[in-house]
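One letter stands for each residue in the lines below.
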Amino acid sequence: MNEFIILAIPFLGTSLGAAMVFFLKKQIAPKFEKFLLGFAAGVMIAASVWSLLIPSIEMAEKQNTIEWFPALIGFMFGIGFLLLLDTVIPHLHLEIDKPEGLKLGASKMTMMLLAVTLHNIPEGMSVGVAFAGAAMEGSGITKAAALALAVGIAIQNFPEGAIISMPLCSEGIGKKRAFFYGVMSGVVEPVGGFITILIAGKISPILPYFLSFAAGAMLYVVVEELIPEAQSGEHSNIGTIGTAFGFALMMVLDVALG
């Protein structure tokens, strides 16, 4: 399976989720939305550990480097990178009226799309760097493990696609346009993944840093956005249950396929 197919899998998940705007008449029920947000958080936490940080540590050991050093440095830079983007890019989180980032006069719809696009960046990077590792001899990452990560990200992208397209439709935008915007929010994933493959695949010593960088970026999104939104308001335990299911599923996928 070539890299283009693997990189397209998460994007397909987003597109299928966005297509729910054609089949569901109303907005997603708040309780179910909390579950889905928690589920996405669980998938990303498990992927950060099993698919990115652990391979980073194991690869550093094979390179006769201090095992924890690349994981620590890459992780912190990943956190810092998303913090920078979060500070600069104007965006609007779900159910929050006050926008974040630079004030550029962007519309509410644009800022909602930028919020989703912002946290799709590390997801695309994670799949790209996993595939780069799978293509490299002695990395310890198999193509099956890269595929498992891509499938896990696609599963959690499905509800994300619906969560972005359906609110847009409720704002008065037509279903076709809402679907289009939902799909476009996921385009950054295969693009970011492909760029990561080109960079990380050429210089094997930096691959452990790229793996942990993607993990840090993903964890930033989880802590900054997904968990707070899943725990807001009443019935926060539903978001916790969703996190547990997402974590368990991604853990099984990685171990079974990796």
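Everything discussed here concerns the structure shown above.
This structure is a prediction, so every number in the text was calculated from the model and none was measured. (Residues numbered from 1 in each chain as written. Predicted model: local features only at pLDDT ≥ 70, side-chain atom pairs only at ≥ 80, totals over all residues. Heavy atoms only, no water.)

Caption draft 1: Structural context of the overall build of the protein. When helices and strands are tallied, the protein shows nine helices and zero strands. Secondary structure elements of the protein, listed N to C terminal, follow the sequence α-α-α-α-α-α-α-α-α. In the protein, which comprises 258 residues, the share counted as buried stands at 49%. Looking at the protein alone, contacts between residues at least 24 apart form 82% of all its contacts between residues at least 6 apart. Accessible area of the protein: about 11800 Å², with a carbon and sulfur share of 72%. (Helix = DSSP H or I, 4+ residues; strand = E, 2+ residues; numbered from the N terminus. Buried < 20%, exposed > 50% of the residue type's maximum accessible area, 1.4 Å probe, protein only. Contact = heavy atoms within 4.5 Å. Areas by Shrake-Rupley, 256 points an atom, 1.4 Å probe, with all protein chains shown as cover.)

Caption draft 2: Up close: the packing of helix α2 (residues 30–62) against helix α8 (residues 207–231). One way to put it is that α2 packs onto α8 with a least axis distance of 8 Å and a crossing angle of 160°. One finds that α2 runs roughly antiparallel with respect to α8. Between α2 and α8 the crossing geometry is left-handed. Residues belonging to the contact of α2 with α8 are distributed by class as follows: 23 nonpolar, six polar and two charged. (Axes fitted to C-alpha atoms, helices over the stretch in contact; angles between N-to-C directions. Parallel < 35°, antiparallel > 145°, perpendicular 65-115°, else oblique. Left-handed = near helix turned anticlockwise from the far one by under 90°. Nonpolar A, V, L, I, M, F, W, Y, C, P; charged D, E, K, R; others polar.)

Caption draft 3: Main features of the nonpolar core. By size, the foremost hydrophobic cluster in this structure holds 50 residues, and its most contacted members are Leu52, Val127, Val129, Leu149, Leu207, Leu211 and Leu226. Broken down by secondary-structure element, the contributors of at least two residues to this core are α1 (3–18), α2, α3 (68–88), α4 (108–134), α5 (143–170), α7 (188–200) and α8. Discounting residues that sit within four places of it in the chain, Val129 has contacts with Leu52, Thr196, Ala200, Leu207, Phe210, Leu211 and Ala214. Grouped together as the second largest cluster of nonpolar side chains are eight residues, Ile164, Ile173, Ala178 and Tyr181 included. (Core = buried A, V, L, I, M, F, W, Y, C linked by side-chain atoms within 4.5 Å.)

Caption draft 4: Representation of the environment of Ile121 within the structure. As for its position among the elements, Ile121 is in helix α4. Aside from chain neighbours lying at most four places away, what touches Ile121 is Phe81, Leu85 and Val188.

Caption draft 5: Looking closely at the side chain of Lys34. Inspection of the secondary structure assignment puts Lys34 in helix α2. Setting aside its immediate chain neighbours within four residues, Lys34 contacts Glu229, Ala230, Gln231, Ser232, Gly233, Glu234, His235, Ile238 and Gly239.

Caption draft 6: Local environment of the side chain of Ser165. Topologically, Ser165 is positioned in helix α5. Ser165 gets classed as buried once you look at its relative accessible area, which sits at 0%. Polar contacts involving the side chain of Ser165 include one to the main-chain carbonyl oxygen of Ala18, which spans 3.1 Å. Sequence-distant contacts of Ser165, defined by excluding residues within four places in its chain, comprise Gly17, Ala18, Val21 and Ala178. (Polar contact = N/O pair within 3.5 Å; in protein donor to acceptor, adjacent residues only side chain to side chain.)

Caption draft 7: Focus on the environment of Ala244. Structurally, Ala244 can be placed in helix α9 (residues 236–257). Note on Ala244: relative accessible area 48%, which makes it partly exposed. C-alpha of Ala244 to C-alpha of Phe39: the two residues are 205 residues apart in sequence and 7.1 Å apart in space.

Caption draft 8: Broad picture of a nonpolar patch on the surface. A grouping of Phe4, Val191, Phe194, Ile195, Leu198 and Ile199 is seen on the molecular surface, where their side chains present a nonpolar patch of about 530 Å² in accessible area. The dominant element in the nonpolar patch, judged by the number of residues it contributes, is α7, at five residues. (Patch = residues over 30% accessible without salt bridge, like charges linked within 9 Å, V, L, I, M, F, W, Y side chains within 5 Å. Salt bridge = Lys/Arg side-chain N within 4 Å of Asp/Glu carboxyl O.)

Caption draft 9: How the structure looks around the packing of aromatic side chains. Applying the stated criterion across every chain, the model contains eight aromatic pairs. For the pair Trp50 and Phe247, a centre-to-centre distance of 5.5 Å together with 75° between the ring planes defines the contact as edge-to-face. On the criterion of sequence distance, the pair formed by Trp50 in helix α2 and Phe247 in helix α9 is long-range, its members being 197 residues apart. What makes Trp50 partly exposed here is its relative accessible area of 27%. Aromatic side chains Trp68 and Phe69 sit 6.2 Å apart centroid to centroid with 65° between the ring planes, which places their arrangement in the edge-to-face category. Trp68 sits in the exposed class, given a relative accessible area of 52%. Taken together, Phe32, Phe35, Phe39 and Phe245 form an aromatic cluster joined through their ring pairs. (Phe/Tyr/Trp six-rings, centres within 6.5 Å; stacked < 30°, edge-to-face > 60°.)

Caption draft 10: Fine view of the environment of Ser185. When you line up the elements, Ser185 lands in the loop between α6 (175–184) and α7. For Ser185 and Leu114, which are 71 residues apart along the polypeptide, the C-alpha to C-alpha distance reads 7.5 Å. In contact with Ser185, other than residues within four places in its own chain, are Thr14, Leu113, Val116, Thr117, Asn120 and Ile164.

So, to be careful, I would describe these as geometric facts and stop short of saying anything about function.
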